[in-house]
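Given next are the chains, with one letter for each unit.
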Amino acid sequence: MHNNLRNNKKSADFYSLTPLISTWIRGLTDQKKGLDDAIMEHGSPLNIHEKQSFLHNMDEMSAAFTKYDLDHRIFFARKANKCMLFPQAAFEHGHGVDTASYRELKQCIDLGIKAEHIVCTAAVKTDRLIALAIQHGVSLAIDNWDECERIQHIAEELHRHVHIIVRLHGFVSDGKRLHTRFGFSIADVPGLIDNTFGKGNIFSQFVYKGLHFHLNGYSTQERADALWQCSELIEQLTGRGIKTESLDFGGGIVMNYLSSKEEWQEFDQAMQQAVRLEREELTIANDGLGYQLIDGKLHGQLAVYPYYNEVNKASFLEQILTTAKDGMPLYEKLRSLNIQLRIEPGRSLLDQCGITVARVSFRRLDTKGNLLIGLEMNRTQLRSSSADFLLDPIHIPTEKAIEEPTQGYLVGAYCLEQEFILKRKLRFTQLPQVGDLFAFVNTAGYMMHFYESEAHLFELAKNLVYNINDNTLILDKLEEF
Ligand SMILES: *Cc1c(COP(=O)(O)O)cnc(C)c1O
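Being a predicted model, the structure only gives us computed values, none of them experimental.

A. Expanded view of the site of the ligand. Neighbouring the ligand are 14 residues, the closest being Lys-79, Gly-252, Glu-344, Gly-346 and Tyr-446. Lys-79 has a polar side-chain atom sitting 2.8 Å from an oxygen atom of the ligand. Out of a free accessible area of 390 Å², the ligand has 88% covered by protein chains. Looking at the shell around the ligand, its residues break down into 3 nonpolar, 6 polar and 5 charged.

Here is the structure:
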């Protein structure tokens, strides 16, 4: 049986997707003993987080604003990762947190994060969440008329004013109106604030503070266009005697996961060939990851995050801020408004901030002869809205053996046929053994927590914090809640 496993050396060529790996991740994944001990203590899989990388990302993005002398604050979008480490670090570093639920907000308040360093952009706001925000003076981003009425009602009951950020839609880019299900139309905002906010009016408890939008997708041009349109709105409001203190352009600031553009492009090409049945499959059951063959023709595109990005983080922000209109750069326009610029990055602030590690439980072949490596984890513990996480994992063997490349798939613990940790076929330089580890790099943004579930009553992955100074792994504070 085990000889069969070794014979599974398909001749097919393989398309690597080599991840960018920072020094702390290299160092930690080189110490198998330490990871084994942590897995023994806490169970497998483990999510391991690191703070300095987060602060580095904050500094890098902050510098893009400082360069143009723009007042700014970065609000970490907490939904991308549930650990307490990052909100606390963001606050201690002079920045803030974007919260979207009662518990996200409550924990931030309990951590001692000040109200001016928190915003609440929850899509659905419960009465409990609204009351908590109002009692602590946290700004609420309003999204629809019904919730405005509830916020007004709760603020009246509490005899408190409420800081309001107006979420906007209705931006035009490249001649088209950008679609979203969120916010108020930019055209309606002057009327909304003038006629309903403040003394004697419908929303008498509302104090207007600023504007907010978050665009789907990753276009710098669309963000720039929206910022130009917001700037005009802010000037219009100023003309009516309404002061805007902040302008928040949300998240979606891209990051880069991969070390090679060629690898990324070649993989994409090879995927298309595989779906056209012109080459051996690269994914389980030739899953197209968004590509489809219909009547012999290829349709669609990779339905995944754009894992390779040359323009990312600070340079992405810079590309937005330096767009020009009638000869004037956007940063100059924004500076003239005397406002605080805000962003709410989730994923990109977590670049190189986390890894997920799991232990090999078994090897076997499926009925087609594919090698399956069973990991002590399930696929919801490494999952985002992308069709697949397109980065090669790090295989950490118990013993280094002679290189004997083999190919196969990583499978997880849920009892479903489609329970593949990664859909992509992987190459292993040596046959994985029971007790070996696999580390998935750069999983802190969305991959760990966004879709994790507890089917079969499997324990959720434990969240640890790695301290690069003393080489220790301790539980994140979240685990005490
Ligand atoms: C999801 C979200 C973010 C964060 O988006 P990223 O792509 O992780 O940067 C920020 N603001 C709002 C309102 C969001 O819904």
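B. Local environment of the pairing of strand 16 (residues 340-343). Burial of the side chains of strand 16 extends over both faces: Gln-340 and Arg-342 are buried on one face and Leu-341 and Ile-343 on the other. Here strand 2 (residues 72-77) pairs with strand 16 via 3 bridges, running parallel. Looking at strand 16, one finds that Ile-74 is bridged to Ile-343. In the sheet, strand 11 (residues 246-248) pairs with strand 16 via 3 bridges, with the strands oriented parallel. For Asp-248, the partnering residue across the bridge sits in strand 16 and is Arg-342.

C. Up close: the nonpolar core. Of all hydrophobic cores here, the largest spans 132 residues; its most connected members are Phe-54, Ile-142, Val-166, Tyr-307, Leu-375 and Leu-410. If you tally residues by element for this core, the top one is helix 10 (residues 220-239), at 8 residues. Leu-35, Ile-39, Ile-48 and Leu-437 belong to the second-largest nonpolar core, a separate cluster that totals 17 residues.

D. Here's a closer look at the packing of helix 9 (residues 189-196) against helix 10. In the contact formed by helix 9 and helix 10, the axes pass within 10 Å of each other and the chain directions differ by 30 degrees. What the angle tells us is that helix 9 and helix 10 run roughly parallel. For the element pair helix 9 and helix 10, the recorded crossing hand is right-handed. In this structure, helix 9 contributes Val-189, Pro-190 and Ile-193 to the contact, and helix 10 contributes Leu-233, Gln-236 and Leu-237. Grouping the constituent residues of the contact of helix 9 with helix 10 by class yields 5 nonpolar, 1 polar and no charged.

Conventions used here
- Residues numbered from 1 in each chain as written.
- Predicted model: local features only at pLDDT ≥ 70, side-chain atom pairs only at ≥ 80, totals over all residues.
- Heavy atoms only, no water.
- Near = heavy atom within 4 Å.
- Polar contact = N/O pair within 3.5 Å; in protein donor to acceptor, adjacent residues only side chain to side chain.
- Areas by Shrake-Rupley, 256 points an atom, 1.4 Å probe, with all protein chains shown as cover.
- Nonpolar A, V, L, I, M, F, W, Y, C, P; charged D, E, K, R; others polar.
- Buried < 20%, exposed > 50% of the residue type's maximum accessible area, 1.4 Å probe, protein only.
- Helix = DSSP H or I, 4+ residues; strand = E, 2+ residues; numbered from the N terminus.
- Pairing = 2+ DSSP bridges.
- Core = buried A, V, L, I, M, F, W, Y, C linked by side-chain atoms within 4.5 Å.
- Axes fitted to C-alpha atoms, helices over the stretch in contact; angles between N-to-C directions.
- Parallel < 35°, antiparallel > 145°, perpendicular 65-115°, else oblique.
- Left-handed = near helix turned anticlockwise from the far one by under 90°.
- Contact = heavy atoms within 4.5 Å.

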